[in-house]
Amino acid sequence: MSLVARHLEANGLPTVIVGSARDVVEYCGVPRFLFTDFPLGNPCGLPWERAMQRAIVGQALDLLETADRPRTTVQAPFTWKADDPGWRGRYGRVDPAERDRLLAAGRERRERQAAASALKEG
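Quantities reported herein were computed from a predicted structural model and do not represent experimental measurements. (Residues numbered from 1 in each chain as written. Predicted model: local features only at pLDDT ≥ 70, side-chain atom pairs only at ≥ 80, totals over all residues. Heavy atoms only, no water.)

### Describing the overall build of the chain
Phase 1: On a plain count of helices and strands, the chain comes out with five helices and three strands.
Phase 2: For the chain, the sequential pattern of α-helices and β-strands runs α-β-α-β-α-β-α-α.
Phase 3: Rg of the C-alpha trace for the chain: 19 Å, well past the compact-globule value of 14 Å for 122 residues, more than 25% over.
Phase 4: Once the C-alpha set of the chain is aligned to its principal axes, its extents read approximately 50 × 45 × 25 Å.
Phase 5: Residues classed as buried in the chain amount to 23% of the 122 residues present.
Phase 6: Pairs at least 24 residues apart make up 48% of the contacts formed inside the chain by residues separated by at least 6 positions.
Phase 7: A total accessible area of about 9,000 Å² is found for the chain, and carbon and sulfur atoms account for 55% of it.
Phase 8: Where the 18 positive side-chain charges of the chain centre and where its 16 negative ones centre are 3 Å apart. (Helix = DSSP H or I, 4+ residues; strand = E, 2+ residues; numbered from the N terminus. Rg over C-alpha atoms; globule rule 2.2 N^0.38 Å. Buried < 20%, exposed > 50% of the residue type's maximum accessible area, 1.4 Å probe, protein only. Contact = heavy atoms within 4.5 Å. Areas by Shrake-Rupley, 256 points an atom, 1.4 Å probe, with all protein chains shown as cover. Lys, Arg positive; Asp, Glu negative; His and termini not counted. Charge placed at Lys NZ, Arg CZ, Asp CG, Glu CD.)

Printed below as a string of structure tokens:
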């Protein structure tokens, strides 16, 4: 999305990126970035938390209107599950008991993809 935003901006369409991967988004040099310190894939907040989601979208629209310099980053004032400060340490962690099952599922998926690709080419 960062590169798309740069392309749109170069063609006269203002953009705001709302996201969590601050280092990546800032490296790409987007004009306006609303950083939300949430797990990847959840840039507008917790599921079903409409008030939080509306506030984040509102803040993004405000940033679109008020940013006065290129590459402006603003951090949203929300925290992911304030009652669960340890979420970051668990996010994306694989339970060792599930490791073999997940490895097998990945292997099976790659085999199905290879077979489907071979059918297309053949």
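### Re the environment of Gln59
Phase 1: Its place among the elements puts Gln59 in helix α3 (residues 50–66).
Phase 2: Between the C-alpha atoms of Gln59 and Val18, which are 41 residues apart in sequence, the distance is 9.7 Å.
Phase 3: Those residues in contact with Gln59 that sit more than four places away from it in its chain are Leu34, Val74, Gln75, Ala76 and Pro77.

### As for the environment of Phe35
Phase 1: Among the secondary structure elements, Phe35 is positioned in strand β2 (residues 32–35).
Phase 2: Here the alpha-carbon distance between Phe35 and Ala67, two residues 32 residues apart in the chain, equals 14 Å.
Phase 3: Ignoring anything within four residues of it in the chain, the contact list for Phe35 reads Gly19, Ser20, Arg22, Thr73, Val74, Gln75 and Ala76.

### Some details on a nonpolar patch on the surface
Phase 1: The grouping of Met1, Val4, Leu8 and Leu13 at the surface amounts to a nonpolar patch, some 400 Å² of accessible area in total.
Phase 2: Position of Met1 relative to the elements: it lies in the segment before α1 (2–10). (Patch = residues over 30% accessible without salt bridge, like charges linked within 9 Å, V, L, I, M, F, W, Y side chains within 5 Å. Salt bridge = Lys/Arg side-chain N within 4 Å of Asp/Glu carboxyl O.)

### Concerning the nonpolar core
Phase 1: Within the largest apolar cluster, 10 residues are counted, these being Leu34, Phe38, Leu46, Met52, Ile56, Ala60, Leu63, Ala76, Trp80 and Trp87.
Phase 2: Here this core gets four residues from one element, more than from any other, and that element is α3.
Phase 3: What Leu34 contacts, discounting residues up to four positions off in sequence, is Val16, Ile17, Val18, Gly19, Ile56, Gln59, Ala60, Leu63, Val74, Gln75 and Ala76.
Phase 4: Of all hydrophobic cores here, the second largest spans six residues; its members include Ala5, Val25, Phe33 and Phe35. (Core = buried A, V, L, I, M, F, W, Y, C linked by side-chain atoms within 4.5 Å.)

### Observations concerning the pairing of β2
Phase 1: Neither face of β2 is open: one carries Arg32 and Leu34, the other Phe33 and Phe35, and all of them are buried.
Phase 2: In this sheet, β2 lies alongside strand β1 (residues 17–19) in parallel orientation, the contact comprising three bridges. Bridge pairing in β2 links Gly19 to Phe35.
Phase 3: Once you follow β1 into helix α2 (residues 22–28) and on to β2, the crossover reads as right-handed.
Phase 4: When β2 meets strand β3 (residues 72–75), the two strands line up parallel, connected through four bridges. (Pairing = 2+ DSSP bridges. Right-handed = clockwise from strand over helix to strand, strands pointing away.)

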